[in-house]
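Observations on chain architecture
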Amino acid sequence: QAGIDLHGLTKTFRTPNGPVRAVRGIDVAIAPGETVALLGPNGAGKSTTIDMLLGLARPDAGSVSLFGGTPEDAVAAGRVGAMLQTGSLLRDLNVRELIAMMASLYPDPLDVDEVVELTGLGALVGQRTQKLSGGETQRVRFAVALVSNPDLLVLDEPTVAMDVEGRHAFWQTMRGFASRGKTIVFATHYLEEADDFADRAVLMAHGRVVADGPTTEIKARV
Ligand code: ADP
Ligand code: ADP
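Summary of the structure given here. (Residues numbered from 1 in each chain as written. Chains lettered and ligands numbered in written order. Predicted model: local features only at pLDDT ≥ 70, side-chain atom pairs only at ≥ 80, totals over all residues. Heavy atoms only, no water.)

**Here's the deal with the pattern of salt bridges**
Counted only if it meets this: Throughout this description, the term salt bridge denotes a Lys or Arg side-chain nitrogen within 4 Å of a carboxyl oxygen of Asp or Glu. In this description a helix means any DSSP run of H or I spanning at least four residues, a strand means any run of E spanning at least two, and both kinds are numbered starting from the N terminus. Three labels apply to residues, based on accessible area from a 1.4 Å probe with only protein chains included: buried if under 20% of the type maximum, exposed if over 50%, partly exposed otherwise in between.
Counting across every chain of the model gives six salt bridges. Its salt-bridge partner being R79, residue D151 comes within 2.7 Å of it at the nearest N-O pair. Highlighted residues: D151 in the loop between helix 5 (134-146) and strand 6 (152-156) and R79 in the loop between helix 2 (71-76) and strand 5 (80-83), separated in sequence by 72 residues. Overall, the relative accessible area of 32% leaves R79 in the partly exposed class. Of the charged contacts, one joins D212 and R200 as a salt bridge, the two residues approaching to 2.8 Å between their closest N and O atoms. With D212 in strand 9 (residues 208-214) and R200 in strand 8 (residues 200-205), the pair connects residues that are twelve residues apart, well separated along the chain. Take D212: its relative accessible area is 36%, and that puts it in the partly exposed class. Under the relative-accessibility criterion, R200 is labelled buried at 12%. Each of E34, R200 and D212 takes part in a single network of salt bridges with overlapping partners.

Right under this line is the structure:
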């Protein structure tokens, strides 16, 4: 069964100060149902790798295969849910309207009320998106990532604006998804999140994978 295959992925950004070699030849294969943490310091290339994985950035060299096809096809089919660091929510919709609108884009979405329940948004369904706090916005973005009922969840620093309780609730929800066989890839700065949640960690530095293995082993190298 095909999962995620990153092969020779490479990306250089042209900047006024010269080229920035953000990702320099990455090979990672992830099997369906695996939970993988992407670790590494700021600037290591984690977000750029995630963008290429999702088809949001075009590699200069190398390839991405998701479930045996292109990222674009997998995303269009609703097989991939993403929660990125950037990107704002559509304004002038309430939380329920936004989730319902996103659900309508996909062939086989989850029930909107189920997603509201899973993400603890019950009390906020009537709230306009622009009125939400940082932690609440993160939860809505999580709901949007889930609503297509994806096989793969890709999360870039998902808990960054959440308080301790919110983080705890978030990972509880994620555990439910992992136990249903979803594939999960997340970038994090919090070593304890990787340790608690991921079987496997991929450590990046300077655009390269410098270690890849069981989280308990990688942890010792960070
Ligand atoms: P990480 O997610 O690990 O912090 P990034 O993938 O965001 O790393 O960044 C890797 C490198 O690429 C950094 O040096 C960053 O400044 C640079 N970079 C990322 N995006 C761009 C961009 N759009 N234009 C120019 N440089 C970029
Ligand atoms: P804020 O930072 O805006 O106060 P948080 O996201 O940190 O918001 O969480 C506020 C409350 O919502 C927390 O007490 C937490 O119990 C609950 N919560 C957050 N995320 C979830 C979730 N995924 N599932 C259920 N409840 C959640």
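**Focus on the sheet that holds strand 9**
As a reminder, the rule being used: The pairing criterion for strands is at least two bridges between them, as found by DSSP. Axis lines are fitted through C-alpha atoms, for helices just across the contact stretch, and the angle between N-to-C directions can take any value from 0 to 180 degrees. Contacts between residues were defined by any pair of non-hydrogen atoms, one from each residue, lying within 4.5 Å.
Within the open sheet, the six strands sit side by side as 5-6-7-3-8-9. Their pairing is mixed. With partners counted over all chains shown, the strands left at the sheet margins are strand 5 and strand 9, one partner each. For this sheet, the mean inter-axis angle between neighbouring strands, taken without regard to orientation, is 15°. Sheet strands in contact with helix 1 (residues 46-53) are strand 3 (35-39), strand 6, strand 7 (183-187) and strand 8, and its direction is about 150° off that of strand 6.

**Here we look at the site of ligand 1**
The condition is simple: The criterion for a residue being near a molecule or strand is simple. One of its heavy atoms has to lie within 4 Å of it. Polar contact is defined as a pair of N or O atoms within 3.5 Å, subject to the rule that within protein one atom must be able to donate a hydrogen and the other to accept it, and that residues adjacent in sequence are counted only when both atoms are side-chain atoms. The Shrake-Rupley method, run with a 1.4 Å probe sphere, supplies the accessible areas, and residue values consider only the shown protein chains as cover. Residues are grouped as follows: nonpolar covers Ala, Val, Leu, Ile, Met, Phe, Trp, Tyr, Cys and Pro; charged covers Asp, Glu, Lys and Arg; every other residue, Gly included, is treated as polar.
If you check the shell around ligand 1, you find F13, T15, V20, A22, P41, N42, G43, A44, G45, K46, S47 and T48 and nothing else. Residue G45 places a main-chain N or O atom 3.0 Å away from an oxygen atom belonging to ligand 1. One of the side-chain nitrogen or oxygen atoms of T48 is found 2.6 Å away from an oxygen atom of ligand 1. Relative to its unbound accessible area of 560 Å², ligand 1 is 62% covered by the protein chains. For the shell around ligand 1, the secondary structure elements donating two or more residues are strand 1 (4-15), strand 2 (18-30) and helix 1. Considering each element in turn, the shell around ligand 1 owes the most residues, three residues, to helix 1. Residues belonging to the shell around ligand 1 are distributed by class as follows: five nonpolar, six polar and one charged.

**Describing the packing of helix 3 (residues 95-103) against helix 5**
The criterion, for reference: In this scheme, roughly parallel covers angles under 35 degrees and roughly antiparallel covers those over 145, while 65 to 115 is roughly perpendicular and the rest are oblique. Here a crossing is called left-handed whenever its near helix is offset anticlockwise from the far helix by less than a right angle, and right-handed whenever the offset is clockwise.
Where helix 3 meets helix 5, the axes come as close as 9 Å, and the angle between the chain directions of the two elements is 25°. The angle between helix 3 and helix 5 places the two elements in the roughly parallel class. Crossing handedness for the pair helix 3 and helix 5: right-handed. Touching V95, L98, I99 and M102 of helix 3 are V140, A143 and V144, all from helix 5. For the contact of helix 3 with helix 5, the class distribution of residues is seven nonpolar, no polar and no charged.

**A word on helix 6 (residues 164-179)**
To keep it simple, the criterion reads: Helix span, expected: 1.5 Å multiplied by one less than the number of residues in the helix. Of all possible arcs, the one meant is that of the directions from the helix axis to the C-beta atoms.
Helix length check: helix 6 (16 residues) gives 23 Å between terminal C-alpha atoms against 22 Å at 1.5 Å per residue, within 8%. Among the residues of helix 6, those classed as buried are G166, R167, F170, W171, T173, M174 and F177. All buried residues of helix 6 fall inside an arc of 160° around its axis, so they share one side. Exposed residues lying more than 90 degrees from the buried face of helix 6 are V164, E165, H168 and S179. Tucked inside the fold, the buried residues of helix 6 contact strand 5, helix 4 (112-118), helix 5, strand 6, strand 7 and helix 7 (191-197). Just beyond helix 6, the residue with positive phi is G181, at close to 85°.

**Thoughts on the environment of D92**
If you trace the backbone, D92 turns up in the loop between strand 5 and helix 3. A polar side-chain atom of D92 sits 3.0 Å from a polar atom in the side chain of Q130.

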